[in-house]
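Inside the fold
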Amino acid sequence: MPRQIDKASPMQDILILGAGPAGLTLALSLHQAGIPCRVYEQAPEIKAVGVGVNLLPHAVAELAKLGLLEALRKVAVTTDEAQFFNRYGQLIHAEKLGQGAGYPAPQLSIHRADLQDVLLAATRARLGPDAVHLGHRVTAVETQGTEAVVHFADGKPSARGSAAIAADGVHSTVRKQFHPHETGFHYTGYNMWRGVTAWKPFLTGATMTRAGWLADGKMVIYPIRNNIDAEGRQLINWVAEVEWPNPIDRDWNRRGKLEDFLPFFADWHFPWLDVPAMMQAAEVVLEFPMVDQDPLPWWTQGLVTLMGDAAHPMVPRGSNGAGQSILDAVALTKAFVSGGPVAGVLASYEAERRPATSAVVLQNRKAPPDALLGEVYKRTGNKPFGRIEDVISREELLAITNGYKQVAGYTLEDVARRAAG
Ligand SMILES: Cc1cc2nc3c(=O)[nH]c(=O)nc-3n(C[C@H](O)[C@H](O)[C@H](O)COP(=O)(O)OP(=O)(O)OC[C@H]3O[C@@H](n4cnc5c(N)ncnc54)[C@H](O)[C@@H]3O)c2cc1C
């Protein structure tokens, strides 16, 4: 008999593999629904790694339902507008974001470490101090009858549960086990250098800016922490993207060198920000290739499935990596709550989320919101313009940003439905 999700016969724990934003959100969401779970994480401790992450209103609406909004707001910047510029600092497009744009939830720009802190603290407080098992590196998964069995490195005993959910990120062991012949990652031809710098607030103090274009050097710059010192400075997150023929390895902690990319931005002295000075003042520069992977034909085998970056790594051009992982967690929980045999639960989760996230992966490749920078770059031949209206109409600009919102599931209607649901 297949195992049923039935409140009368308590099920075994669901095993969550990986304690990143995906795994921890799933733990909190399942717990809120009264479904027992445990998390296994390879790292011996959760360290403050990475730099900035954006959470769009669809994801924030879900985190708010988990009771995390106030804790997140305290450590994040509530982003209020997007501004797009060419490499000369000329404004191409501006639009309101979050609640100022009519969403029921804000957009939050946050240090990945702060997001992890909020999720981990809530997981330990609600599920118990031992809910997250650190130092457990998954080596393989299998289904034995009605149980998912997870094996670990270093002689640690295997774990058994009613299902195993692989939230083990871009180097997912489970994805490799399921799809051993998958052909590596898809390189866009661009490298990213990422850093954070203590700097005075610029524009509204909560503006997400994108400038330039890939072939000539592009930047994404936004604040992620407020009032970090007595002078009221913010922590500014920045990403420089430059054409780079040879892809480097995907290592979130790999150090980059300023001299590799600074020359592309040496004359970016905008009235609102001196970009090269800000980059030079960064304590650490990290580098990561701009890559994704082709959408998979299936995620689920037996009682094991994939979620988050393990399922759908995407190029970070639509602020949707963490957000789509959070939506996966919510969809999985809803599928478990609906009940039925576990294999059917996982199948219905995959049927909802695999097509949705595959579309986002492909849209990030061909038409993310910053595609409007590319359009202006093309039409102006990368020269300064007189009036932006003579280059591109507001309707065309909005068609690009709104088209992306539809694919990624965060139109005003989408988010209103989530907030109410
Ligand atoms: C160290 C790090 C830094 C990052 N920095 C940034 C950033 O600066 N900006 C940004 O936009 N995105 C960053 N990301 C990616 C971002 O967190 C994800 O795109 C998004 O939040 C989806 O999260 P996820 O939980 O699916 O994957 P991840 O955040 O990658 O989390 C996966 C988790 O699984 C664990 N894991 C991996 N393999 C195993 C295994 N075999 N057994 C057990 N556990 C395993 C990892 O240690 C990690 O904790 C970073 C990810 C990592 C791991």
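The sections below set out a description of the structure shown in this document.

The rules behind the values
- Residues numbered from 1 in each chain as written.
- Predicted model: local features only at pLDDT ≥ 70, side-chain atom pairs only at ≥ 80, totals over all residues.
- Heavy atoms only, no water.
- Helix = DSSP H or I, 4+ residues; strand = E, 2+ residues; numbered from the N terminus.
- Rg over C-alpha atoms; globule rule 2.2 N^0.38 Å.
- Buried < 20%, exposed > 50% of the residue type's maximum accessible area, 1.4 Å probe, protein only.
- Contact = heavy atoms within 4.5 Å.
- Areas by Shrake-Rupley, 256 points an atom, 1.4 Å probe, with all protein chains shown as cover.
- Lys, Arg positive; Asp, Glu negative; His and termini not counted.
- Charge placed at Lys NZ, Arg CZ, Asp CG, Glu CD.
- Pairing = 2+ DSSP bridges.
- Axes fitted to C-alpha atoms, helices over the stretch in contact; angles between N-to-C directions.
- Near = heavy atom within 4 Å.
- Polar contact = N/O pair within 3.5 Å; in protein donor to acceptor, adjacent residues only side chain to side chain.
- 1 Å grid on protein atoms, 1.4 Å probe; cavity = no way out; pocket = protein on both sides within 12 Å on 5 of 7 lines; lining within 4 Å.
- Points joined across faces, edges and corners; volume = space filled by probe spheres on them.
- Nonpolar A, V, L, I, M, F, W, Y, C, P; charged D, E, K, R; others polar.

All right, on to the overall build of the protein chain then. When you go through the protein chain residue by residue, the secondary structure sums to 13 helices and 22 strands. In terms of C-alpha radius of gyration, the protein chain reaches 22 Å, essentially the compact-globule figure of 22 Å for 421 residues. Dimensions along the principal axes, computed over C-alpha positions, put the protein chain at roughly 70 × 45 × 45 Å. Per-residue burial over the protein chain gives 56% buried out of 421 residues. Within the protein chain, residue pairs in contact and separated by at least 24 positions form 75% of the contacts whose partners lie at least 6 positions apart. If you sum the accessible surface of the protein chain, you get close to 17,000 Å²; carbon and sulfur atoms cover 53% of it. For the protein chain, the distance from the average position of its 41 positive side-chain charges to the average position of its 44 negative side-chain charges is 2 Å.

This part covers the pairing of strand S17 (residues 234-243). The element S17 is extensively covered by neighbouring structure, given that nine of its 10 residues are classed as buried. Note: strand S14 (residues 186-199) against S17, 10 bridges, orientation antiparallel. Within S17, the position partnered with Val196 by the bridge is Asn237. As paired strands, strand S16 (residues 217-225) and S17 are joined by seven bridges and run antiparallel to one another. Bridge assignment links Met219 to a residue of S17, and that residue is Ala240.

Reading across from one edge, S10-S11-S12 is the order of the three strands in this open sheet, with antiparallel pairing throughout. Sheet topology places strand S10 (138-144) and strand S12 (159-161) at the edges, where each strand pairs with a single neighbour. Pairwise comparison of adjacent strand axes, ignoring direction, gives a mean angle of 20° for this sheet. As judged from the six bridges shared by S10 and strand S11 (residues 147-152), these two strands associate in the antiparallel manner.

The environment of the ligand is formed by 27 residues, the closest being Glu41, Val51, Arg112, Arg194 and Asp309. Between the ligand and Pro21, the relevant distance is 3.3 Å, taken from an oxygen atom to a main-chain nitrogen or oxygen of the residue. In this structure, Val138 approaches the ligand through a main-chain N or O atom, which is 2.9 Å from a nitrogen atom. Burial of the ligand by the surrounding chains reaches 88%, relative to a free accessible area of 910 Å². Secondary-structure elements contributing two or more residues to the shell around the ligand are helix H1 (21-32), strand S4 (52-55), helix H8 (308-311) and helix H9 (321-338).

With that out of the way, let us pick up empty space enclosed by the protein. One pass over the full model with this rule turns up two cavities of 30 Å³ or more. Put simply, the largest cavity is a space of about 140 Å³. If you go around the largest cavity, you meet 13 residues; those closest to its centre are Glu95, Leu97, Arg210, Pro369 and Tyr410. Secondary structure elements with two or more residues in the lining of the largest cavity: strand S6 (81-85) and helix H12 (394-408). Broken down by class, the residue content of the lining of the largest cavity amounts to six nonpolar, four polar and three charged. Roughly 70 Å³ of internal volume is contained in the second largest cavity. Along the walls of the second largest cavity sit Phe85, Asn86, Arg87, Ile92, Gly212, Trp213, Leu373, Val376, Tyr377, Thr380, Asn382 and Lys383, which together make up its complete lining. Elements with a minimum of two residues in the lining of the second largest cavity: strand S15 (207-213) and helix H11 (371-380). Looking at the lining of the second largest cavity, the element that brings in the most residues is H11, giving four residues. For the lining of the second largest cavity, the class distribution of residues is six nonpolar, four polar and two charged.

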